[in-house]
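Residue-level structure breakdown
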Amino acid sequence: MAYNKGQLLETKIVQLLNENKVEKLPQNLKDLVKFIFPNCQDNDIVKAEVIEGTMKPDFSITVGEETHYISMKSGVNNIVHQEYIKNYIRILREYGFSETILRAVLFFQYGDGTYNGTGKERMSYATLRKKLEKAFVLANEELNKNRKAVIELVDRFLFKGSHEEYIAADYIYHGDTNSGTIVSRSQIMKHLEYKDWNFLETLHIGPILFRPHARYYKTDIKKESYRARVEFYWPNFLNDLNYIKSHYLP
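What you see is a predicted model, and the numbers here were worked out from it, not measured in a lab. (Residues numbered from 1 in each chain as written. Predicted model: local features only at pLDDT ≥ 70, side-chain atom pairs only at ≥ 80, totals over all residues. Heavy atoms only, no water.)

**Things to note about the overall build of the protein**
Spelled out, the test is: Where helices and strands are cited, they refer to DSSP runs of H or I of at least four residues and of E of at least two residues respectively, numbered from the N terminus. Residue contacts are counted whenever heavy atoms from the two residues lie within 4.5 Å of one another. What sets the accessible areas is the Shrake-Rupley method with a 1.4 Å probe; for residues, cover comes only from the shown protein chains. We treat Lys and Arg as the positive residues and Asp and Glu as the negative residues; His and chain ends play no part in the count. Where a charge lies is defined by one atom per residue type: Lys uses NZ, Arg uses CZ, Asp uses CG and Glu uses CD.
Helix and strand counts for the protein stand at 10 helices and 10 strands. Along the longest, intermediate and shortest principal axes, the C-alpha atoms of the protein span 65 × 40 × 30 Å. A separation of at least 24 residues holds for 64% of the contacts in the protein among residues at least 6 apart in sequence. Surface exposure of the protein reaches about 13400 Å², of which carbon and sulfur atoms provide 49%. Charged side chains of the protein number 35 positive and 32 negative; the gap between the two group centres comes to 6 Å.

Here is the structure:
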C-alpha cells in the first residue's frame, strides 16, 4: 500500500508514542500528551494507534483508561473537508437556507452557467466572482447570520465528518514529530462563538471557505466525480490555530 507524506508522518508519531513512558517521549510529543492528559504522570505508559479509513481522527492516544482522538494536519495544506455537492446542498436546505442561496452555491460550484453541471463551457473564478458579486454578499449574510448553523457545520468539517456513525476527533494537531500546535474541539467552538468573518468576500461559513474540487476551466473534464465534490478550506489555518491555542482554555 502506498502512503502519502501525511500518513507516513502520522505513522511515525504513533510509533514514537506507543508503549512509551511519558517521561521518555520526545519533548514535543510529551507536551502534546500532557496537553491532552493534564493529570498524567511521568511513568504512565502511552498507547497510540493509527485510525484507518476516512474518519476525521488520524490516530488515537490512550493513557490509562482514557482515550482521545486526534486529527492531524501538516505543511501548508489548509483543506479540512470534502463532500459531494448534492449532500452539501441537502444539509444547507435542512438548516433552512433559501433556494436563492442554494442556487448561488450550485452556480459557483459548476461554473458553467447551470445549476447541475450540464453547461458546455466553464468560467474562470474571476468571471464567476464578477457575475456573482451581489449573490455572494447575500449568500454570505444568510449563511453566517445563523451562528448555531455555523458552529455545527464547522464542527462537521473539522471534527465529525460526513457520517454520524464515525468516531469524531477531539483535537487537531498541526505539526510533525519535532514541533506543532494542538487545540481542542472546545477551544475552536469557543472561537466560533466570539468571532465573525464578515470581511471574507468569497463564499464562506465562518472561517471555512468552499470551492469545487475541480472545475476544469479551459481543460477537458477528467473526472465528473471531482466536479461534484466541494472542497472546504481554512485560510491561514496554522496562524489561527496558534491564536486559538493562546486565547481560549482547553
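There is more to say after this.
**Remarks on helix H1 (residues 5-17)**
What counts, and what does not: The length a helix should cover is 1.5 Å for every residue beyond the first.
Taking 1.5 Å per residue, 13 residues should reach 18 Å; H1 reaches 19 Å between its end C-alpha atoms and fits that length. Elements in contact with the buried residues of H1: strand E1 (20-21), helix H2 (27-36), strand E2 (45-50), strand E3 (59-63), strand E4 (66-73) and strand E6 (171-175).

**Describing the nonpolar core**
Within soluble globular proteins, side chains that are nonpolar generally end up buried alongside one another. Just so we agree on the cut-off: Throughout this description, the term nonpolar core refers to a set of buried Ala, Val, Leu, Ile, Met, Phe, Trp, Tyr and Cys residues connected via side-chain atoms within 4.5 Å. Three labels apply to residues, based on accessible area from a 1.4 Å probe with only protein chains included: buried if under 20% of the type maximum, exposed if over 50%, partly exposed otherwise in between.
With 50 residues, the main nonpolar core has Ile85, Tyr88, Leu92, Leu158, Ile188 and Phe210 as its most contacted residues. Where this core is concerned, the elements lending two or more residues are helix H3 (85-94), helix H4 (99-110), helix H6 (133-145), helix H7 (147-160), helix H8 (185-194), strand E9 (208-212), strand E10 (229-233) and helix H10 (237-247). The element best represented in this core is H7, accounting for 8 residues. Formed by 23 residues, the second largest nonpolar core is a distinct cluster that contains Leu25, Leu29, Leu32 and Val33.

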